[in-house]
Amino acid sequence: PEGDLLERAGGTFSFDEKIAAMKAGLARLAGFGVTSAVAMSADPEEFEVLAALEERGELTLRVFYSPSLLGDLDAYEVLRGRANGPLLRFGWLKGFVDGVIESKTAALLEPYAESSERGTPALAAAQLNALVADAQARGFSTALHAVGDAAARAGLDAYAAADRSYKRPARRRRLEHLEILDPADMPRFKGLDVAASMQPLHAVPAGPAGDGAWSRNLGPQRRARSFAWRALLDAGAVLSFGSDWTVASPNPLEGFAAVSGRLTPEEAVRAYTAGPAYGAGLERELGCLDPGCLADLVVLGPGSLETGKVRAVVVDGRVVTSE
């Protein structure tokens, strides 16, 4: 990914160079029809770049600035007060409950295939519960990386524990990735009002079906019930689709192919539009084409799904890009 190349190149960049790089990235996202993005685990320097662009009138999509759950909540209070413009807003605090299936660091309820390993949670239950509760007590919402079924259960448990003591925050809580879930936990998403934040392109792991570390480590039985979009919808959960860029392509049109046959086109569109708006607690403003909603529009043309290109993008009533 581009960001990795910059890190490997080393050196430092001036603020103006960072502004230019951010503007180039925004233009690329607009070309894919993206009108809102989450700057997940972003650092304060990235916030300053985004804030400068908004002040100059050059921020061309809505950004939810979302730093680490392990950071300074007092500092986040200050940034939250500043991130209240029409385009730059404070989002979630990102925490990691586990790792990934490929390296056997995702936390599973049952051992990996042909192994006794189950993965090790990134945070002990008591620490996770305390972090989520502290954030919720101060009105912050959280987005927890939970690839494995044990991690998802731990995240749901942490939200349930926080609800017993504190009011739910304005932004709905999220669980990220959810590559494998225990069916017993699926109804809890609706009950706890937690968005199922998933990335369709993650369902296309490297290597042919049945091959590659992801498939081998999970095993055929669990692989058959992975990425349970249909089961989550049937259980009343709200799907909030995204890309997880730079891990996968940020083009949502490519994601439609990954869900074909498992969701209807209408369900996929809702998961990429109304679902994220619901997860942000903004379902009356975003993700809809109704009177009173914000004018964020994407115009597709014949063959857009095949070419991955859009005809025009409008953000907050302003044409950002067009043919």
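Above this note sits the structure.
To keep things clear, this report deals only with the structure shown in the data block. All figures in this text were calculated on a predicted structure; none of them were measured in a lab.

1. Looking at the overall build of the protein
Here is step 1: A tally of helices and strands in the protein yields 14 helices and eleven strands.
Here is step 2: With the C-alpha coordinates aligned to their principal axes, the bounding extent of the protein is approximately 55 × 50 × 50 Å.
Here is step 3: Contacts spanning at least 24 positions in sequence make up 71% of the contacts within the protein whose residues lie at least 6 apart.
Here is step 4: If you sum the accessible surface of the protein, you get close to 15,300 Å²; carbon and sulfur atoms cover 55% of it.
Here is step 5: With 34 positive and 42 negative side-chain charges, the protein shows a spacing of 4 Å between the two charge centroids.

2. Quick look at the pattern of salt bridges
Opposite charge on two side chains makes pairing possible when the charged atoms of those side chains draw close.
Here is step 1: Under the defined criterion, the tally for this structure stands at 21 salt bridges.
Here is step 2: Here Glu 48 makes a salt bridge to Arg 82, at a shortest N to O gap of 2.8 Å. Residue Glu 48 is located in helix H3 (residues 44-56), and its partner Arg 82 is located in helix H4 (residues 73-82); the two are separated by 34 residues in the primary sequence.
Here is step 3: Using a relative accessible area of 31% as the deciding quantity, one classes Glu 48 as partly exposed.
Here is step 4: Bridged by salt links that share partners, the residues Arg 153, Asp 157, Asp 182, Asp 185 and Arg 188 form one connected network.

3. A closer look at the nonpolar core
Here is step 1: In terms of nonpolar packing, the biggest core is built from 79 residues, with Leu 88, Leu 175, Phe 189, Met 198, Leu 232, Leu 239 and Phe 241 touching the most fellow members.
Here is step 2: Every residue in contact with Met 198, bar those within four places of it in the chain, is listed here: His 177, Leu 178, Phe 227, Ala 228, Trp 229, Leu 232, Leu 239, Ser 240, Phe 241 and Gly 242.
Here is step 3: Formed by seven residues, the second largest nonpolar core is a distinct cluster that contains Ala 277, Ala 280, Leu 282 and Leu 286.

4. A short note on the packing of helix H11 (residues 252-259) against helix H12 (residues 265-272)
Here is step 1: The geometry of H11 relative to H12 is characterised by a closest axis approach of 10 Å and an angle of 135 degrees between their N-to-C directions. In terms of orientation, H11 lies oblique with respect to H12. The interaxial crossing formed by H11 with H12 has right-handed handedness. Of the residues in H12, those in contact with Pro 252, Gly 255, Phe 256 and Val 259 of H11 are Pro 265, Ala 268, Val 269 and Tyr 272.

5. Considerations on the sheet that holds strand S7 (residues 194-198)
Here is step 1: Taken in spatial order, the five strands make up an open sheet running S4-S5-S6-S7-S8, and their pairing is parallel. In the strand order of this sheet, the two ends are held by strand S4 (92-96) and strand S8 (239-241), each with one partner. Averaged over all pairs of adjacent strands, the angle between their axes in this sheet comes to 25 degrees, without regard to strand direction.
Here is step 2: Taken together, the four bridges between strand S6 (residues 173-177) and S7 define a ladder with parallel strand orientation. Paired with Arg 173 across the two strands is Val 194, which belongs to S7.

6. Looking at the sheet that holds strand S10 (residues 312-315)
Here is step 1: Taking strand neighbours across the sheet as the criterion, the three strands line up as S9-S10-S11 in an open arrangement whose pairing is antiparallel. A single partner strand is all that each edge strand has here, and the edge strands are strand S9 (297-299) and strand S11 (318-322). On average, adjacent strands in this sheet sit at an angle of 15 degrees to one another, irrespective of strand direction.
Here is step 2: Across three bridges, the pairing between S9 and S10 is antiparallel. Within the sheet, the bridge partner assigned to Val 299 lies in S10 and is Ala 312.

Quick notes on the rules
Residues numbered from 1 in each chain as written. Predicted model: local features only at pLDDT ≥ 70, side-chain atom pairs only at ≥ 80, totals over all residues. Heavy atoms only, no water. Helix = DSSP H or I, 4+ residues; strand = E, 2+ residues; numbered from the N terminus. Contact = heavy atoms within 4.5 Å. Areas by Shrake-Rupley, 256 points an atom, 1.4 Å probe, with all protein chains shown as cover. Lys, Arg positive; Asp, Glu negative; His and termini not counted. Charge placed at Lys NZ, Arg CZ, Asp CG, Glu CD. Salt bridge = Lys/Arg side-chain N within 4 Å of Asp/Glu carboxyl O. Buried < 20%, exposed > 50% of the residue type's maximum accessible area, 1.4 Å probe, protein only. Core = buried A, V, L, I, M, F, W, Y, C linked by side-chain atoms within 4.5 Å. Axes fitted to C-alpha atoms, helices over the stretch in contact; angles between N-to-C directions. Parallel < 35°, antiparallel > 145°, perpendicular 65-115°, else oblique. Left-handed = near helix turned anticlockwise from the far one by under 90°. Pairing = 2+ DSSP bridges.

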